[in-house]
Structure formats: structure tokens, C-alpha cells
Amino acid sequence: MEACAEKTELAKKISRFTGLSEDYLIKANLRVNLPQFMEELQRNRGLTTGRLDARFSGYTYDLLGEFANSDPQSDAITGAYTAAFNAYVRDELKFGQDKKYRTGSDEAGNNWEWKHKVGENYGFPGSPNVEGDLIQALLTNPHLQVEVENGLYDLATPFFATEYTMEHLGLPEKLQKNIHLQYYDAGHMMYVHDEDLAKLKSNVGAFIDAASKP
């Protein structure tokens, strides 16, 4: 009974933070993956929540489905960006008239080598971990400056996970100060939000100017 009461209390807290119902969280044993979250959050409105940018929503076809079948953010912007890229490359740069431009490639993704090894101490099956590379780069060059741009509505690379990673590199305090985090009221492609496009340009320009000074 004590374990059950503890799970119920946790479900209440997680529900408050995520917007998912307590009942759904209990049924999921408190473990909900991203495609499930995208499908469930706005199910009662018939909508799927965006992955790359949770500000975007799209109609859900199967209201009984467990996983999101698409990313409303990608659906909303891919056509416009693809058309703009093709027009620029082919009409202005006069390049690639005989080539096909792919916005993404399932073939490449399915055959990607997900291991990353440096010597014998780094790398494991699954997603690659390049923390060791960043640590080594900062130790090798103490003048190296790093800036991370975070979209608050990015569910693909959540800003809090980035914060946690950057704060747990085990660097000396002086080197830890070389890492700078910026935040935007948008998602993965923060530049689709006009105000954040200007903010991103300003932040990156200021970062380059500051990091270039002796």
C-alpha cells in the first residue's frame, strides 16, 4: 500500500509538470516516451503536439493511437524551407539542376553508425556521447569559449537535459565559466520565431566578438 501511495503522489507531481493525466501516468507506470507524450497531451482536443517545437499542433487522425505519427512542426515549415532552398540554389546559385534535394533521408538515418569511440575509454552501443570530446577540447585549449542555444519548447533536445550535461562535465570552475547558455521562446529551430531570429543573430554576433578578443 505504501508503494502504491507513493506512485500516486508521484503521478500527481508529474501530471502538474507535464499536463498528462494522473490516470494515464499510472497506466504508463510513470514512464512515458516522447512519441506517447506528443500523442497524449492534446488528445482530448484531437491534436498532436510538436516534437521539434511544442508550440506547434496538428490534427490527429487516429484518436486511439499510442504514438504520434508525425511532427506538426516539421509539417508546418518543411515545405516552405524546401522551396526557399531549391529556389536559392537553383535560381540564384545556378547549381544542382540535375540533382535532387532531400530534406531528410531514412536510408541514411537507418544506416547511421551510432558508436563513438576515442581509444578504449569512450563509446558504447546506442546514442553517441561526445562529452569527452568537449571536455578534452576545453582542457587542451583553456581559451575556448562554448555557447549553447536552447529553445524552451524543444522536445527533441530539451534545454534542461542540456543544462544538466553542461553542468556535470566535471570541469575546473575556471573552465566551466567558458560555457554560456542562451534561451529562446521557441523550439529546436528558434529562428522560425521572428523575435528569436533577431535575438539569435544578436547573441551569436556578440559571442563571436567577445570570444575573438585577446
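Since the structure is predicted, the reported quantities are computational estimates derived from the model, not experimental observations.

Across its full length, the protein chain holds 9 helices and 4 strands. Listing the helices and strands of the protein chain from first to last along the sequence gives α-α-α-β-β-α-α-α-β-α-α-β-α. Against the compact-globule benchmark of 17 Å for 214 residues, the protein chain has a radius of gyration of 21 Å, which places it well outside the compact range. Taking the principal axes of its C-alpha atoms as reference, the protein chain extends roughly 60 × 50 × 40 Å. In the protein chain, once contacts between residues fewer than 6 apart in sequence are set aside, the share between residues at least 24 apart is 44%. For the protein chain, the exposed surface amounts to about 15,200 Å²; the carbon and sulfur share of it is 55%. Measuring between centres, the 22 positive side-chain charges of the protein chain sit 1 Å from its 32 negative side-chain charges.

What follows is about the pattern of salt bridges. Inspection of the entire model under this criterion finds 3 salt bridges. Two residues, E40 and R43, come together in a salt bridge whose shortest N-O distance is 2.7 Å. Across the pair R55 and D53 runs a salt bridge whose closest N-O atoms are separated by 2.8 Å. A relative accessible area of 34% places R55 in the partly exposed class.

Attention now goes to a nonpolar patch on the surface. The grouping of Y81, Y191 and L197 at the surface amounts to a nonpolar patch, some 280 Å² of accessible area in total. Looking at the secondary structure, you find Y81 in helix α4 (residues 72-92).

Grouped together as the largest cluster of nonpolar side chains are 8 residues: L138, V146, V148, M166, L169, L171, L175 and I179. Filtering out sequence-adjacent residues up to four positions away, L169 remains in contact with E131, L134, I135 and I179.

This brings us to helix α7 (residues 159-167). Every buried residue of α7 is accounted for by T162, E163 and M166. For α7, the angular spread of buried residues about the axis comes to 100 degrees, placing them on one side. Of the surrounding secondary structure, the elements contacted by the buried residues of α7 are α6 (131-140), β3 (146-151), α8 (173-176) and β4 (179-184).

Another aspect to go through is the confidence of the model for the protein chain. The pLDDT averaged across the protein chain works out to 92; a share of 93% of its residues lies at or above 70. Every residue in residues 119-124 scores below 50 in pLDDT, and together they form 9 contacts with partners more than four places removed in sequence or on other chains.

Conventions used here
Residues numbered from 1 in each chain as written. Predicted model: local features only at pLDDT ≥ 70, side-chain atom pairs only at ≥ 80, totals over all residues. Heavy atoms only, no water. Helix = DSSP H or I, 4+ residues; strand = E, 2+ residues; numbered from the N terminus. Rg over C-alpha atoms; globule rule 2.2 N^0.38 Å. Contact = heavy atoms within 4.5 Å. Areas by Shrake-Rupley, 256 points an atom, 1.4 Å probe, with all protein chains shown as cover. Lys, Arg positive; Asp, Glu negative; His and termini not counted. Charge placed at Lys NZ, Arg CZ, Asp CG, Glu CD. Salt bridge = Lys/Arg side-chain N within 4 Å of Asp/Glu carboxyl O. Buried < 20%, exposed > 50% of the residue type's maximum accessible area, 1.4 Å probe, protein only. Patch = residues over 30% accessible without salt bridge, like charges linked within 9 Å, V, L, I, M, F, W, Y side chains within 5 Å. Core = buried A, V, L, I, M, F, W, Y, C linked by side-chain atoms within 4.5 Å. Arc of directions from axis to C-beta. pLDDT = per-residue confidence, 0-100.

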